[in-house]
Amino acid sequence: MNDASKTGRTVIGRRRLLTAAAVGFSLAAVGGLTIGSAFAADAIRWVSPRGTLEVLDDYPYWVAKKFGYFGDLETEIEPGPSDATATVKLVDQDQADVGYPSPGVFSLALAQGIPLVSAFEMGGSDVFDFAFRKGEAPDDIKGIEGMTIVLGSAGWQSIVDPMLTAAGVDISKVTYVDAGWPTWGTAVAAGQGDTALAWEGLRAQWKGQGLDFDYILGRDFSQLPANSFVIRKADFDDPEKREMYEKYFRGWAMGLEFGYLNPRAATQIVMEQFPGLASQMTPDVAVESMMQLANVYRGRWDERGKWGQHIMPSWDLFFETGREIGQISGDFTTEEVVKNDLVDAANDFDAAKVKADADGFELNDDYKAVDVKAIEQAL
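In this text, all values refer to a predicted model and were calculated from it rather than measured experimentally.

**Focus: the pattern of salt bridges**
Under the defined criterion, the tally for this structure stands at 21 salt bridges. Arg232 is paired through a salt bridge with Asp94; the nearest N and O atoms lie 3.2 Å apart. In this pair, Arg232 sits in strand 11 (residues 228-232) while Asp94 sits in the loop between helix 3 (86-92) and strand 4 (98-99), placing the two residues 138 residues apart along the sequence. Among the ionic pairs, Lys134 bridges to Asp214, the shortest N-O distance being 3.0 Å.

**Remarks on unusual backbone geometry**
A cis geometry characterises the amide bond from Trp181 onward to Pro182, with omega recorded as 0°. Tracing the backbone shows Pro182 in the loop between strand 8 (175-178) and helix 6 (184-189). Despite not being glycine, Asp94 shows a phi value in the positive range, around 65°. Using a relative accessible area of 38% as the deciding quantity, one classes Asp94 as partly exposed. One non-glycine residue, Arg300, lies in the positive phi region at around 55°.

**Regarding the pairing of strand 3 (residues 74-78)**
Judged from the 5 bridges that link them, strand 2 (residues 43-47) and strand 3 form a sheet pairing that is parallel. Within strand 3, the position partnered with Ile44 by the bridge is Thr75. On the question of chirality, the crossover connecting strand 2 to the parallel strand 3 by way of helix 2 (residues 59-67) is right-handed.

**Description of the pairing of strand 8**
The sheet contact formed by strand 7 (residues 148-151) and strand 8 spans 4 bridges and is parallel. Among the inter-strand pairings, Leu151 is bridged to a residue of strand 8, identified as Asp178.

**Notes on helix 18 (residues 351-359)**
Within helix 18 the residues assigned to the buried category are Val354, Asp357 and Ala358. The arc enclosing the buried residues of helix 18, seen along the axis, measures out at 95°, which places them on a common side. Across from the buried face of helix 18, at angles greater than 90 degrees, the exposed residues are Ala352 and Asp359. Against helix 2 and helix 10 (239-261) lie the buried residues of helix 18. Its side-chain oxygen 3.2 Å from the backbone nitrogen of Ala352, Asp350 forms the N-cap of helix 18.

**Here we look at the packing of helix 10 against helix 18**
Working note: a packed helix pair is described by the angle between its axes plus the distance between those axes. At a minimum axis distance of 9 Å, the contact between helix 10 and helix 18 shows a crossing angle of 45°. With respect to their mutual orientation, helix 10 and helix 18 come out oblique. The crossing of helix 10 and helix 18 is right-handed. In this structure, helix 10 uses Met254, Glu257, Phe258 and Leu261 to contact helix 18, whose residues at the interface are Val354, Lys355, Asp357 and Ala358. Across the contact of helix 10 with helix 18, the residue classes break down as 5 nonpolar, no polar and 3 charged.

**A look at the nonpolar core**
Grouped together as the largest cluster of nonpolar side chains are 61 residues, with contacts concentrated most on Trp46, Tyr59, Phe120, Phe229, Tyr248, Phe249 and Phe258. Of the residues forming this core, the biggest block, 9 residues, is contributed by helix 10. Counting 58 residues, the second largest nonpolar core, distinct from the first, contains Val174, Val230, Phe332 and Val338.

The rules we used
- Residues numbered from 1 in each chain as written.
- Predicted model: local features only at pLDDT ≥ 70, side-chain atom pairs only at ≥ 80, totals over all residues.
- Heavy atoms only, no water.
- Salt bridge = Lys/Arg side-chain N within 4 Å of Asp/Glu carboxyl O.
- Helix = DSSP H or I, 4+ residues; strand = E, 2+ residues; numbered from the N terminus.
- Buried < 20%, exposed > 50% of the residue type's maximum accessible area, 1.4 Å probe, protein only.
- Pairing = 2+ DSSP bridges.
- Right-handed = clockwise from strand over helix to strand, strands pointing away.
- Arc of directions from axis to C-beta.
- Contact = heavy atoms within 4.5 Å.
- Polar contact = N/O pair within 3.5 Å; in protein donor to acceptor, adjacent residues only side chain to side chain.
- Axes fitted to C-alpha atoms, helices over the stretch in contact; angles between N-to-C directions.
- Parallel < 35°, antiparallel > 145°, perpendicular 65-115°, else oblique.
- Left-handed = near helix turned anticlockwise from the far one by under 90°.
- Nonpolar A, V, L, I, M, F, W, Y, C, P; charged D, E, K, R; others polar.
- Core = buried A, V, L, I, M, F, W, Y, C linked by side-chain atoms within 4.5 Å.

Here it is in C-alpha cells:
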C-alpha cells in the first residue's frame with residue numbers, strides 16, 4: 001500500500017469529513033452561479049454536483065432541450081462548484097431548484113435538518129466504481145480493506161463509506177485521501193494511493209484520456225441507490241410547483257427514453273453542445289461513456305419499470321447503513337424523504353413521438369460508424 005503522507009495529498013480523518021461536510025459555504029464564492037431568487041415563474045434551475053457541464057452524464061437534458069420536451073417551461077442548468085455538498089446547499093438556500101446529489105451527500109443534508117426530498121431517481125443501479133492500476137485490483141470488494149482510496153473531494157467519503165459497509169467491508173481498515181478535482185484519477189495512475197473512486201461514464205472518459213484502469217464495478221456488488229434529483233420539501237408540498245416539477249421531470253424522462261433508443265444520437269447531441277468535450281474523446285469512446293451511464297439509468301428496470309422510480313428497499317438499506325456507521329442521524333423514515341409521487345406524471349409522455357425523434361435523427365458519418373453492439377458486449 002502507498003504511504004499517503006508522502007504524496008502531498010490531504011489525508012481525510014473520518015470524523016473530520018463529517019464535520020467539514022456540515023460547514024456551510026459562502027455563496028459569493030460559488031463560481032458560475034447567478035445569485036438571486038432561483039424560482040422564477042415557469043422556470044426551474046438545476047445544479048450539477050461535479051463542477052462542470054462538459055460531460056455526457058446530462059445527455060437527457062440536452063436531448064430534451066433540442067426536441068422541446070420541456071414544453072413552455074423555462075430551464076437553466078448550472079455546473080455548480082466541485083464541493084460535493086454544494087448541490088444540496090444551493091437548493092436549500094434557494095439558489096437552485098433541483099440538485100443532483102449522491103445518496104451519501106443527500107443523507108448529510110438530511111442529517112443537518114435540511115428539508116429536502118428525493119423526487120426523481122436517475123439511476124436504478126449503483127453508478128460508483130473503484131479504479132485500480134492494471135493488475136492491482138483485488139478479486140472482490142473485500143480486498144479493498146487495508147488500501148488507500150483517492151477521492152476528488154473530501155465529501156465523497158459519504159458516498160464510499162455506506163457503499164463499502166453494506167458490502168461487508170470494514171471501513172476502519174481503509175484510508176481516504178483527497179487528491180482534488182479533477183486530478184484524483186491521475187494521482188492514482190501516478191502511484192499515489194491504491195484505488196480511485198470512479199463512476200460509469202467516467203470509466204470511458206478516463207480510458208480516452210489514457211487512464212487505463214482495472215475496475216470493480218458498483219453494479220456488481222452494491223444494492224444501494226444512485227444519484228437522484230432532490231427538491232425543497234416546501235416545493236414538493238406546493239400543488240402549483242409540483243405541477244411544474246412533473247413537467248420538468250417529464251422532459252428528463254423523455255430524454256432518457258430517447259437515449260435508450262438511440263445512444264449514438266444522444267451522444268452526438270451532447271458533443272455538438274460542447275465542442276471542447278468532443279475534442280477530448282473519439283466518437284467510439286464518447287458513445288461508450290454515454291452507454292455506461294444509460295445502463296445505470298435503466299438499471300434494475302424489472303423492479304422499476306418507469307423512469308425516475310425509486311427502489312424503496314435500496315433506500316431503506318442505504319439509510320440503515322448510514323445510521324449504522326454514524327453518518328446519518330434523525331428519526332425520518334424513507335417514505336418521508338424519498339418520493340415516487342411525481343413519477344407517473346413524469347412518464348406520461350408521447351412515447352411514439354420520442355421513438356420517431358430517435359429513429360429519425362440524422363447521424364453524422366463519425367457516429368454512424370460507431371458499433372453499438374460491440375460496446376454493449378463490453379459494458
